[in-house]
Amino acid sequence: MMDPTSSYFSGYCMCLILLHMMTLTSEKLMVTVPKGHLVARVEGQAALSCQLSPLQSAEHMEVRWFKGDNSQLVYLYRGGGHEVNGEAAPEYVNRTEFVKEAMGEGKVTLKIHNVSISDGGPYRCSFKDTDFSDAAGMNLSVAALGLETQIHVQVPVSDGLEVECNSGGWFPQPQMEWRNSRGEVVPHSSKSYSQDGARLFHMKMTLLLRNRSESIMCYVCNPVTGEEKRTSIILAISISDPLFSLYNSWMTDVITGVAFLTLFFTILIGYLIWSLRVL
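From a predicted model like this one, the values you see are computed outputs, not experimental measurements.

Draft legend 1. Here's a closer look at the side chain of arginine 95. Structurally, the position occupied by arginine 95 is in the loop between β6 (82–83) and β7 (96–99). A relative accessible area of 15% places arginine 95 in the buried class. Here the side chain of arginine 95 touches asparagine 114 through a polar contact of 3.2 Å, landing on its backbone oxygen.

Draft legend 2. Up close: the state of the cysteines. Counting across every chain of the model gives two disulfides. The disulfide bridge from cysteine 50 ends at cysteine 125, spanning 1.9 Å between sulfur atoms. Judged by the torsion about the S-S bond (50°), the cysteine 50/cysteine 125 disulfide is right-handed. Of this pair, cysteine 50 sits in strand β3 (residues 46–53) while cysteine 125 is found in strand β9 (residues 121–129), placing the two residues 75 residues apart along the sequence. One disulfide bridge connects cysteine 165 with cysteine 218, the sulfur atoms lying 2.0 Å from each other. Its S-S torsion of approximately -80° makes the covalent link between cysteine 165 and cysteine 218 left-handed. Of the two residues, cysteine 165 is situated in strand β12 (residues 161–170) and cysteine 218 in strand β17 (residues 213–221); the sequence distance between them amounts to 53 residues. Classification of cysteine 165 as buried rests on a relative accessible area of 0%. Sequence-ordered numbering of the disulfide-bonded cysteines in the protein chain gives the connectivity 1-2, 3-4.

Draft legend 3. Geometry of the confidence of the model for the protein chain. The predicted model of the protein chain averages 82 in pLDDT, with 77% of residues at 70 or higher. Scored below 50 in pLDDT, residues 15–26 shows zero contacts in the model against residues more than four places distant or in partner chains. Here residues 243–251 scores under 50 on pLDDT; set against residues more than four positions off or in separate chains, the count is 14 contacts.

Draft legend 4. The arrangement of the environment of cysteine 125 in detail. Using a relative accessible area of 0% as the deciding quantity, one classes cysteine 125 as buried. When the C-alpha atoms of cysteine 125 and valine 33 are compared, they prove to be 8.6 Å apart, with 92 residues separating the residues in sequence. Residues contacting cysteine 125, with those up to four places away along its chain left out, are Val31, Cys50, Val63, Arg64, Trp65, Asp134, Ala135, Ala136 and Met138.

Draft legend 5. Highlighting the pattern of salt bridges. Enumeration according to the criterion identifies eight salt bridges in this entry. Between arginine 95 and aspartate 119 there is a salt bridge, and its shortest N-O distance comes to 3.0 Å. With arginine 95 in the loop between β6 and β7 and aspartate 119 in the loop between β8 (107–112) and β9, the pair connects residues that are 24 residues apart, well separated along the chain. Here arginine 230 makes a salt bridge to glutamate 228, at a shortest N to O gap of 2.6 Å.

Draft legend 6. Examining the sheet that holds β7 more closely. An order of β1-β3-β8-β7 is seen for the four strands of this open sheet, with the pairing classed as antiparallel. A single partner strand is all that each edge strand has here, and the edge strands are β1 (30–32) and β7. Adjacent strand axes in the sheet meet at a mean angle of 20°, parallel and antiparallel pairs treated alike. With six bridges joining them, β3 and β8 adopt antiparallel strand pairing. Considered in β8, the bridge of serine 49 is made with threonine 109.

Draft legend 7. Structural view of the layout of surface pockets. In this structure, the largest pocket spans a volume of roughly 200 Å³. Listing elements by their share of the lining of the largest pocket, those giving two or more residues are β3 and β10 (132–143). In the lining of the largest pocket, the residues fall into six nonpolar, five polar and one charged.

Draft legend 8. A look at the sheet that holds strand β11 (residues 150–153). The four strands are arranged β11-β12-β16-β15 in an open sheet whose pairing can be described as antiparallel. Only two strands of the sheet have a single neighbouring strand rather than two, namely β11 and β15 (190–195). Direction aside, neighbouring strands of the sheet carry axes that sit 20° apart on average. The sheet contact formed by β12 and strand β16 (residues 201–209) spans nine bridges and is antiparallel. Opposite serine 167, over in β16, you have methionine 203 as the bridge partner.

Each value, and the rule that gives it
- Residues numbered from 1 in each chain as written.
- Predicted model: local features only at pLDDT ≥ 70, side-chain atom pairs only at ≥ 80, totals over all residues.
- Heavy atoms only, no water.
- Helix = DSSP H or I, 4+ residues; strand = E, 2+ residues; numbered from the N terminus.
- Buried < 20%, exposed > 50% of the residue type's maximum accessible area, 1.4 Å probe, protein only.
- Polar contact = N/O pair within 3.5 Å; in protein donor to acceptor, adjacent residues only side chain to side chain.
- Disulfide = S-S within 2.5 Å.
- pLDDT = per-residue confidence, 0-100.
- Contact = heavy atoms within 4.5 Å.
- Salt bridge = Lys/Arg side-chain N within 4 Å of Asp/Glu carboxyl O.
- Pairing = 2+ DSSP bridges.
- Axes fitted to C-alpha atoms, helices over the stretch in contact; angles between N-to-C directions.
- 1 Å grid on protein atoms, 1.4 Å probe; cavity = no way out; pocket = protein on both sides within 12 Å on 5 of 7 lines; lining within 4 Å.
- Points joined across faces, edges and corners; volume = space filled by probe spheres on them.
- Nonpolar A, V, L, I, M, F, W, Y, C, P; charged D, E, K, R; others polar.

Structure, rendered in structure tokens:
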């Protein structure tokens, strides 16, 4: 005959083991997202992936993607193969593609086509079943590599030569600087930017060169992707150069002449108008 104390103890231990296994099972199942920085290009495609861990089928579950604080529905999949694209926010309708080939292993991907700058930000992917609910977050960064970078040499002034660099079509705001032939940063004279209707940045930077003869480079870099554009120009300038002095003297004469002619014709036109009124 089994000792009642031993039987009670065995039953107690079995209950603890079963309870512990149930707790471990419930704690193990969770939603995970890939590690790493998620970046998409403007007008390109973004892939938002998430999966159950440990691997198990999610075909019978409800899967949702939200933008931000769960207030903006991006996509909804209901278990059993029912895709509900029409309930998504208007800006995402007909721009998303649900990839479910690996759904039997608990892995799903949502592709967003024709990415715009407004698509950047935090997203949440959630799985829901009758006895399970969990979500994981990810952040999407949107980037745009600028158009061709151009350098323009302005009309020389008395104290040097002004060089201007222009580059547009960037996002986010890029790093922009002048560098010499040794790769050293050269302080700029001025720097400004503007944004167009698509929120793309257009950059402008100037540099005043005094008594220098060297190669100067305009360097622009996207802080998210690390992609860069470089444009160089070789300049030879010396304020003490007779040609530079002659040019400035000629420009001064031209400006003085134009001012004199403008004044002369203004007085002449004023006199003619006065004469007509008198007559």
